[in-house]
Amino acid sequence: MAVIRPFAGIRPCREKAARIAALPYDVYNRQEAKAEVEREPESFLKIDRAETQFDDSVDTYAPEVYQRAHDTLWEMVEKGDFIRDERPCYYIYELTMDGRTQTGIVACASIDDYENGVIKKHENTRAEKEKDRICHVDACDAQTGPIFLAYRADEAIRAVVTEQKKAEPEYDFISPDGVAHRVWVIRGEEAVRSIQEAFAGIGSIYIADGHHRAASAVRVGQKRRAEHPDYDGSEEFNYFLSVLFPDEELHIMDYNRVVKDLNGLTAGELLKKMREIFEVSELSGGEKRPREKGTFTMFLEDSWYLCRIRKEDQKEDPVKGLDVSLLQELLLDPVLGIKDPKTDGRIDFVGGIRGTGELERRCHTDAKAAFAMYPTSIGELFAVADAGLLMPPKSTWFEPKLRSGLFIHALA
């Protein structure tokens with residue numbers, strides 16, 4: 001059963017929450033992060049991406065960069081930009097985007113649950129990406145970016161959240177991208193106990209987004225255990241910062257593909273091969289995204305095509321039956337010669353938040369064809385994780401993104 005416990009959070013003072021809250025560190029490249037900190041000097045990116053405080057000649061992963069992240073964080077705590085709650089609390093974090101609201105519980109999850117499979121993964125992590133966040137968490141002595149977790153909706157948790165949201169929120173602001181953010185603090189002993197007991201009855205928790213942050217937090221926890229062999233399990237380093245959302249409220253967007261060449265084929269030759277593999281029809285206008293599972297659309301030489309995967313090619317396997325898997329198996333590998341999409345420089349991935357216009361733009365600049373996918377469902381994600389399997393790279397794109405800097409979990 002899941003151990004999801006309250007914690008004494010470090011969080012912005014009310015007056016500065018909107019300015020401090022920042023998109024996740026990995027949404028930006030170095031120059032974009034620097035520009036964002038120049039736009040908003042209070043942005044948490046100056047901690048999450050402390051290289052923004054250095055000249056470009058300083059390596060992103062230099063020890064002094066991580067030290068600056070530590071110093072900036074704790075100077076802001078000392079100055080009162082951040083406050084620390086006096087006792088362990090849960091927090092409610094509500095995000096509203098395009099008229100759709102999702103409400104999560106901010107809490108700490110157990111590194112042991114990550115290790116024993118109660119918290120389930122659906123992606124592999126890369127060691128070099130883990131190393132950066134390991135250094136960041138270890139240097140800051142705190143987890144600064146929450147892991148996005150999902151669970152099957154629970155009536156007891158829903159009841160507590162509904163009741164708590166009747167109060168005035170602690171934070172209430174709209175970020176520059178138009179997403180509305182509201183936060184409540186759950187301090188009451190009965191409400192805290194109800195949430196903790198409800199999660200204790202949930203057998204599986206799923207990482208929706210933040211696999212590298214989760215893996216890094218666990219590695220730091222293991223490191224601290226080795227440094228403190230007398231640990232008893234109650235220490236903060238045994239837990240990692242999370243926001244847990246019920247599955248029924250989550251929205252996964254499409255994660256699309258562009259290819260930079262046609263593997264020696266002309267556009268006409270590719271289209272001919274496509275018609276041999278899929279049911280293909282030209283789209284004359286209107287909606288360019290696919291509307292159902294088992295279909296995708298293709299942009300090729302200024303025309304859009306609807307492509308339907310034939311029934312005999314569809315599969316029941318949780319991974320092999322994903323549309324992104326079938327595209328890889330039926331087209332990208334045998335026809336376009338893209339054997340490993342994780343490493344092949346001829347393919348790139350475009351989040352659905354950018355729309356089909358971005359796919360067209362790419363095909364007019366550095367790509368030859370684009371494939372718009374039907375979104376992977378949360379049920380498919382759960383099925384893959386429950387089977388102990390892994391999804392292909394870039395299978396899910398979650399929106400809205402959780403903000404960093406609103407909740408910080410100190411490790412000591």
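Residues numbered from 1 in each chain as written. Predicted model: local features only at pLDDT ≥ 70, side-chain atom pairs only at ≥ 80, totals over all residues. Heavy atoms only, no water.

Caption draft 1: Quick peek at the environment of threonine 396. By the element assignment, threonine 396 lies in the loop between helix H13 (378-386) and strand E20 (397-398). Ignoring any residue separated from it by four or fewer positions in sequence, one finds threonine 396 in contact with His122, Glu123, Ala208, Ile252, Tyr255, Thr376, Leu381 and Met391. (Helix = DSSP H or I, 4+ residues; strand = E, 2+ residues; numbered from the N terminus. Contact = heavy atoms within 4.5 Å.)

Caption draft 2: Up close: the pairing of strand E19 (residues 369-373). Of all 5 residues in E19, 5 are buried, a share of seventy percent or more. Summarising the sheet, strand E14 (residues 255-259) and E19 pair through 3 bridges and their orientation is antiparallel. Each residue of the ladder has a partner; that of valine 258, found in E19, is alanine 370. Relative to E19, strand E16 (residues 295-300) is paired through 5 bridges, and the arrangement is antiparallel. Within E19, the position partnered with threonine 297 by the bridge is alanine 372. (Buried < 20%, exposed > 50% of the residue type's maximum accessible area, 1.4 Å probe, protein only. Pairing = 2+ DSSP bridges.)

Caption draft 3: Molecular detail of the sheet that holds strand E18 (residues 347-351). One open sheet accounts for 6 strands, arranged E15-E17-E16-E19-E14-E18; its pairing is antiparallel. Across the chains shown, the open sheet's two edge strands, defined by having one partner strand only, are strand E15 (279-283) and E18. Each adjacent strand pair in this sheet contributes to an overall mean axis angle of 25°, direction not counted. Direction of pairing for E15 relative to strand E17 (residues 303-308): antiparallel, over a ladder of 5 bridges. (Axes fitted to C-alpha atoms, helices over the stretch in contact; angles between N-to-C directions.)

Caption draft 4: Representation of the pairing of strand E9 (residues 171-174). Burial along E9 is one-sided: the residues Tyr171 and Phe173 are buried and none of Asp172 and Ile174 is. Sheet analysis places E9 next to strand E10 (residues 180-186), joined by 4 bridges and oriented antiparallel. Within E10, the position partnered with phenylalanine 173 by the bridge is histidine 181.

Interpretation in functional terms is not warranted from these geometric data alone.
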